[in-house]
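# Close look at the chain arrangement
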Amino acid sequence: MLAGLALAAAILLLGLGLLARWEFDDRAALQARAAQLLDAVTQEAHILLDRLHEQRLWDCSPASQRAIRRLLFGAHFFREVGSFDADGLLLCTSTDDVLGQPRAGTSRIHYAHSGLGYSTGVSLILGQDQPRSVTATVLRRDRFNLVLAPQAEAALRHGAATLIALDTEDGLQPLFPAAADATAAVRRLPVPASTDVVRETHWWRGQFALQQRAGMGDFVLFTRWHLGDVLRQQSTLAVAIVLIATLAGLVAHGTVTTWLTRLNSIDHRVRKLIGGDRIVCVYQPIVALASGRAVGCEVLMRLQDGDRLLYPEQVIPAVLRQRLGPELDSRVARRALAETDRHLPPCGPFRIALNVLPDSLSGEHVIATLGEAAAPLRARDIQIELELTEYSLPTDVVTQARNLARAGFGLSIDDFGTGYSSLALVRQLCPDYLKIDRSFVHEMEESAIRASLIPEIVQIARAVDARVVAEGIENQAQRDRLHALGVDYGQGHYFAPPMPIADFVAWLRAQDAAKVDAA
Ligand SMILES: Nc1nc2c(ncn2[C@@H]2O[C@@H]3COP(=O)(O)O[C@H]4[C@@H](O)[C@H](n5cnc6c(=O)[nH]c(N)nc65)O[C@@H]4COP(=O)(O)O[C@H]3[C@H]2O)c(=O)[nH]1
């Protein structure tokens, strides 16, 4: 979940960042174009005004009016000239004889230090027969004003991207757009301190300013920049980015969840633990019921998973699913036989029972490994016996059993009575031991039907010359009853639980000492 969210957030930030950067560059380019346009407008205004003054064309005579219209004909950015008297009173305009006299409406005029005044949003009424109102930008110097042509005004409004201000003695004054809120916006902007081109980026605050040629009478260009603006401008792309981020988050969430689930799955852990040899062997004594002496032990496996142990009932199904039987059984055998060889005191004839899964028997490798590991113990009169569970006997079990016998291993049929082995099959296998499953023993006190099968099992064992071991003996009554039924050996918590090798050896020593004392 967290990984998905993190990826979605990363894509969202990256996507919006790129979008913002793109929009930022776009606006910066527009600003540069607006700056060029303003330069050209100002230059042309000065040339026109210089000529008008040089030629003293303010007297409104027909000759002056013609001269003014000739000058306007060659101009790019201006459509009209107004002439004033020395007191600033409008005398006439270049359109007088075409449209009638324009009248000045409300306007705000900002006089720049250079003497060029800008007046934006001036409302001019043109024509007398059918008067129409025009809003225009007017530039004024001394006895003339110049009215900006509509296409030049439109280009400036568009090109300014957001805001063009004029640096005047009264502070910054907005030119385009001339709306009232632009004045407030301009007041909040930093006043440029030098005449250099300064590019200040505050995009983490959602704003940046491009400041140009800062000085009295010069233009200052600002672009106000907000993430909200960008999202509005590029709404389709923004929605696409949000969708991609959400999708990526969901996919990542799914992938990570699957990956974590797989990583945590018992199959994956079991494979890792077996491969990493995190195998723990414990030893449970097998006791002769008549004498109470330990005649051997069964090796049981656990897997060390961090600070907890995984038990066979959790491990074996995963081992079977992943066909890890041969690897598990070889590793358990090597470890158990090495541990017993190192720690077991000399104790006369003894047997060690190892559990094997059906797959392990068909592998030559497992038998060879077992033979190798068993060699030092055999030299000490310790017999190795393999336990095969009755309900999972391999199809070619008879051949396998012969191979095992040839290799010097004893054979036990584990959990006998839980499967369907016929007497004929048991006879062919010639097992050394039949092990009665602990469920039979536990049901004995309730006189359940299964428990009544124990004498049958003892008889089968006698018939095939095998000995009988009862598993899961937990109390004296069970032990006595089984002994009375002719069971030879017993295993269970009544005698001792499965123990690590050190405890098992200590238990054996304590048993020996008790026997000596009793004698
Ligand atoms: N309730 C009760 N239980 C008792 C008592 N005494 C012993 N047990 C448990 O009975 C099971 C006897 O082993 P199993 O029948 O060979 O059955 C074994 C064996 O079939 C298999 N197994 C254990 N270790 C290995 C191994 O290294 N390799 C293979 N292939 N199978 C193994 O897993 C099965 C279960 O092993 P564990 O969980 O260790 O369970 C062991 C043991 O802990 C008792 O008094 N009361």
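Residues numbered from 1 in each chain as written. Predicted model: local features only at pLDDT ≥ 70, side-chain atom pairs only at ≥ 80, totals over all residues. Heavy atoms only, no water.

### Topic: the overall build of the chain
Test applied: Secondary structure elements follow DSSP: runs of H or I of four or more residues count as helices, runs of E of two or more count as strands, with numbering from the N terminus. Burial classification: accessible surface area is computed with a 1.4 Å probe over protein chains only, and a residue below 20% of its type maximum counts as buried, one above 50% as exposed, and the rest as partly exposed. Throughout, a contact is declared for two residues whenever any of their heavy atoms are within 4.5 Å. In short, Shrake-Rupley with a 1.4 Å probe defines the accessible areas, and a residue's cover is counted only from the protein chains shown.
The helix and strand inventory of the chain stands at 18 helices and 21 strands. Each of the 519 residues in the chain was classed as buried or not, and the buried ones make up 47%. Partitioning the contacts of the chain with sequence separation of at least 6, the portion at a separation of at least 24 is 63%. Accessible area of the chain: about 26,100 Å², with a carbon and sulfur share of 56%.

### Considering the UniProt feature "transmembrane region" (unreviewed entry) in the chain
What counts here: UniProt positions are given in the numbering used here, feature names are shortened, and annotations may be inferred rather than shown by experiment.
Taking the UniProt record as the reference, the feature "transmembrane region" (unreviewed entry) is found at residues 237–261. Within the segment residues 237–261, helix and strand shares are 100% and 0% respectively, and the terminal C-alpha atoms sit 35 Å apart.

### Here's the deal with helix α17 (residues 476–484)
What counts is decided by this rule: Working note: the arc is built from the helix axis to C-beta atom directions. In the analysis that follows, any N or O atom pair within 3.5 Å is treated as a polar contact, provided that within protein one partner can donate a hydrogen and the other can accept it, and provided that, for residues neighboring in sequence, both atoms belong to side chains.
Every buried residue of α17 is accounted for by Q478, R479 and L482. Looking down the long axis of α17, one finds its buried residues gathered within 100° of arc, a one-sided arrangement. Between a side-chain oxygen at the N-terminus of α17 and the backbone nitrogen of A477 the separation is 3.3 Å; the capping residue is N475.

### Quick look at the site of the ligand
Filter applied, for reference: Summary of the distance rule: residues count as near a molecule or strand when at least one heavy atom falls within 4 Å of that molecule or strand.
Taken together, 23 residues lie around the ligand, and E298, D414, R438, E474 and H493 are the ones closest in. Between the ligand and D415, the relevant distance is 3.4 Å, taken from an oxygen atom to a side-chain nitrogen or oxygen of the residue. Contact between the ligand and R438: an oxygen atom at 2.6 Å from a side-chain N or O atom of the residue. Notes on the ligand: free accessible area 790 Å², of which the protein chains cover 86%. Mapped onto the shell around the ligand, the elements with two or more residues apiece are β14 (294–305), α9 (312–321), α10 (325–343), β18 (410–416) and α15 (438–442).

### Here we look at the side chain of Q284
Position of Q284 relative to the elements: it lies in strand β13 (residues 279–288). At 3.1 Å, the side chain of Q284 and the backbone oxygen of A496 are in polar contact. Ignoring sequence-local partners within four residues, the contact set of Q284 consists of G296, C297, E298, L300, Q491, G492, H493, A496, P497 and P498.

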